[in-house]
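Working through the structure, step by step
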Amino acid sequence: MQHDEVIWQVVNQNFCSFKVRTKTQGKDTQNFCRNEYNVTGLCNRQSCPLANSRYATIIEKEGWCYLYIKTIERAHSPKNLWERIKLPKNYAAALKMVDEHLEFFPKNLIHRNKQRLTKIHQYLIRMRKLKLKVTPKLVGAPKKIARREKRREQKAEKIALIDRAIKAELVQRFKSGLYGDIYNFSEKVYKDVLEEIAEETEDEKEDEKEYEDEGVGEVEYVEAYDDELEDEEDVEGLADLMNQGAGSKREASSSSSSKRGKRRRVELEVEEEFEAFATETEK
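All chains use their own residue numbering, which begins from 1 and follows the written sequence. Side-chain atom pairs in this predicted model are given and counted only at pLDDT of 80 or more, local residue features only at pLDDT of at least 70, and totals for whole chains, interfaces and linings cover all residues. Just so you know, side-chain values use all the structure's heavy atoms and leave hydrogens and water out.

**Comments concerning the state of the cysteines**
Any cysteine sulfur atom paired with another within 2.5 Å is treated as part of a disulfide. Scanning the model with the defined rule gives 0 disulfides in all. C48 takes part in no disulfide bond, and the closest cysteine sulfur, belonging to C33, lies 6.1 Å away.

This is how it looks when you write it as structure tokens:
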């Protein structure tokens with residue numbers, strides 16, 4: 001037969017494997033309990049799951065809360081000592097279910113279970129929020145692997161330099177025609193060299209096309225054509241010659257008139273001819 005008071009005296013005064021004693025600075029010792037069914041985590045008469053035949057607690061497993069209930073009617077069967085009830089994820093519905101199942105339990109125990117349920121729900125919410133946040137993942141890199149990768153990189157760089165030098169030399173020999181039409185090189189290197197030569201020719205053709213297409217679509221302003229300028233200069237030259245000819249004729253007429261007398265008719269004829277000549281040149 002189970003007797004709670006006897007069990008507590010043995011556990012409290014003698015030895016308990018779940019009891020943990022800690023010393024705080026300036027205060028007395030504090031006893032804690034490591035039993036998973038303890039509702040508060042403290043080692044005292046009301047919170048001890050061993051020394052209470054009627055007991056209840058809440059435990060969280062994989063995001064779900066379970067209500068564990070212990071009664072004296074199942075004390076003879078340790079296999080079925082605890083009754084487990086799955087609580088809903090809704091906080092209000094879980095509190096309501098706790099009240100229903102712990103209706104006849106001590107009020108202090110009901111209050112402790114509700115406090116524990118509230119704490120569990122709070123840290124589950126924090127866990128969900130942390131999962132949604134983007135956090136950097138720290139990955140350890142062993143020194144041996146880092147040294148090995150560094151050596152491999154150095155070897156790969158050396159091989160790449162050798163390959164580039166071989167390609168450059170082959171290109172130079174192909175252009176000079178040293179080997180003629182027979183080549184005894186690996187097919188991969190030969191194809192790489194031919195691709196490089198084809199790329200160079202394509203780049204040259206593109207440059208020529210760009211040079212030919214330069215200036216297409218641009219708008220420029222140019223002076224008048226040379227023919228028009230020459231026509232205007234010819235007209236101006238003819239007008240000057242005609243003016244010079246008219247002046248010489250007038251001088252001749254004036255000299256003749258001085259000898260023979262003034263003849264107004266001759267001057268009029270000269271003017272008419274000059275005007276007709278000027279009109280013809282303008283046309």
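There's plenty left to go through after this.
**Notes on the pattern of salt bridges**
Pairing between side chains of opposite charge can happen when their charged atoms approach one another. Salt-bridge detection follows one rule: a side-chain nitrogen of Lys or Arg within 4 Å of a carboxyl oxygen of Asp or Glu. Throughout the structure, instances matching the rule amount to 4 salt bridges. Across the pair R45 and E5 runs a salt bridge whose closest N-O atoms are separated by 3.5 Å. Within this pair, whereas R45 is found in the loop between β2 (29-33) and β3 (55-61), its partner E5 is found in helix α1 (residues 4-13), the two being separated by 40 residues in sequence. A salt bridge links R74 to E83; the nearest nitrogen and oxygen atoms lie 3.9 Å apart. Helix and strand assignments follow DSSP, with helices taken as H or I runs no shorter than four residues and strands as E runs no shorter than two, numbered in order from the N terminus.

**Re the packing of helix α2 (residues 91-101) against helix α3 (residues 107-132)**
Lines fitted to C-alpha atoms define the axes, with helix axes restricted to the stretch in contact, and inter-axis angles between N-to-C directions lie between 0 and 180 degrees. Two elements in contact, α2 and α3, have axes whose closest approach is 11 Å; the angle formed by their N-to-C orientations is 160°. Judged on the interaxial angle alone, α3 and α2 are roughly antiparallel. Crossing hand, α2 versus α3: right-handed. Between α2 and α3, the contacting residues are Y91, A94, L95, V98 and D99 on the first element and I110, K114, L117, T118 and H121 on the second. In this classification, the charged set is Asp, Glu, Lys and Arg, the nonpolar set is Ala, Val, Leu, Ile, Met, Phe, Trp, Tyr, Cys and Pro, and all remaining amino acids, among them Gly, are polar. Split by residue class, the contact of α2 with α3 holds 6 nonpolar, 2 polar and 2 charged. Angle categories: roughly parallel below 35 degrees, roughly antiparallel above 145, roughly perpendicular from 65 to 115, and oblique for all the rest. For any pair of crossing helices, the crossing counts as left-handed if the nearer helix is rotated counterclockwise from the farther one by less than a right angle, and right-handed if it is rotated clockwise. Residue contacts follow a heavy-atom distance rule, with two residues in contact if any of their heavy atoms lie within 4.5 Å.

**Observations concerning the sheet that holds strand β4 (residues 64-70)**
Whenever strands of a sheet pair, they do so through backbone hydrogen bonds, lying parallel or antiparallel. Reading across the sheet, the 3 strands line up as β3-β4-β5 and stay open at both edges, with antiparallel pairing between neighbours. Of all strands in the sheet, those bounded by a partner on one side alone are β3 and β5 (82-86). Neighbour-to-neighbour, the strand axes of this sheet turn through a mean angle of 25°, independent of strand direction. Strand pairing is defined by DSSP finding a minimum of two bridges between the two strands. Here β3 runs beside β4; their pairing, made up of 7 bridges, is antiparallel. Residue Y55 lies in a different strand from β4, and its bridge partner there is K70. With respect to the sheet, α3 is in contact with β3 and β4, its orientation differing from that of β3 by roughly 5°.

**Details of a positive patch on the surface**
Judged by side-chain charge, K143, K144, R147, R148, R151, K155 and K158 come together as a positively charged surface patch. Inspection of the secondary structure assignment puts R147 in helix α4 (residues 143-176). What goes into a patch is any residue over 30% in relative accessible area without a salt bridge, connected to like charges within 9 Å or, for nonpolar side chains (Val, Leu, Ile, Met, Phe, Trp, Tyr), within 5 Å. Computed with the Shrake-Rupley method and a 1.4 Å probe, the accessible areas treat only the protein chains shown as cover for residues. Positive charge is attributed to Lys and Arg, negative charge to Asp and Glu, and no charge count is given to His or to the chain ends. In plain terms, the charge of a residue is placed at NZ if it is Lys, CZ if Arg, CG if Asp and CD if Glu.

**So, α2**
An α-helical turn contains 3.6 residues, so a residue and the one three or four places further along point in the same direction. For every residue, the accessible area obtained with a 1.4 Å probe (protein chains only) is divided by the maximum for its type, and the residue is called buried under 20%, exposed over 50%, and partly exposed between those limits. When we look at burial in α2, the residues that qualify are A94, L95 and V98. Summarising the axial view, the buried residues of α2 lie within an arc of 100°, below the 170-degree limit, and thus occupy one face. Opposite the buried face of α2, by more than 90 degrees, sit the exposed residues A92, K96 and E100. Where the residues of α2 are buried, they touch β3 and α3. Think of it as the arc spanned by the lines of direction from the helix axis to the C-beta atoms.

**Observations regarding the packing of aromatic side chains**
When the centres of two rings from Phe, Tyr and Trp lie within 6.5 Å, Trp using its six-membered ring, the rings pair. Their planes under 30 degrees apart give stacked, over 60 give edge-to-face, and anything left gives tilted. Across all of its chains, the model carries 3 aromatic pairs by this definition. A ring pair is formed by Y37 and W82, whose centres lie 4.4 Å apart and whose planes are at 5°; its orientation type is stacked. With Y37 in the loop between β2 and β3 and W82 in strand β5, the pair connects residues that are 45 residues apart, well separated along the chain. Ring centres of Y55 and W82 lie 6.3 Å apart, and the angle between their planes is 80°; this geometry places the pair in the edge-to-face category. In this pair, Y55 sits in strand β3 while W82 sits in strand β5, placing the two residues 27 residues apart along the sequence. A connected cluster of aromatic rings, assembled from ring pairs, spans Y37, Y55, Y68 and W82.

**Some remarks on the pairing of β4**
Counting buried residues in β4 gives 6 out of 7 residues, a clear majority hidden from the surface. Counting the residues that bridge the hairpin from β3 to β4 gives 2 residues, and of these E62 lies at a positive phi of roughly 55°. Here β4 pairs with β5 via 5 bridges, running antiparallel. The residue bridging L67 from the neighbouring strand is I85, located in β5.

**Concerning unusual backbone geometry**
With a phi angle near 55°, E62 is a residue other than glycine that sits in the positive phi range. Counting through the fold element by element, E62 comes out in the loop between β3 and β4.

**Quick word on the nonpolar core**
Take the buried Ala, Val, Leu, Ile, Met, Phe, Trp, Tyr and Cys residues and link them wherever side-chain atoms come within 4.5 Å; each set so joined is a nonpolar core. With 19 residues, the main nonpolar core has I58, L67, I69, L87, L102, F105 and L117 as its most contacted residues. Looking at this core, the elements that each hand over two or more residues are β3, β4, α2 and α3. A per-element tally of this core places α3 first, with 5 residues. Ignoring anything within four residues of it in the chain, the contact list for L102 reads A56, L67, I69, I110 and N113.

The quantities given are spatial measurements derived from coordinates; they are silent on function.
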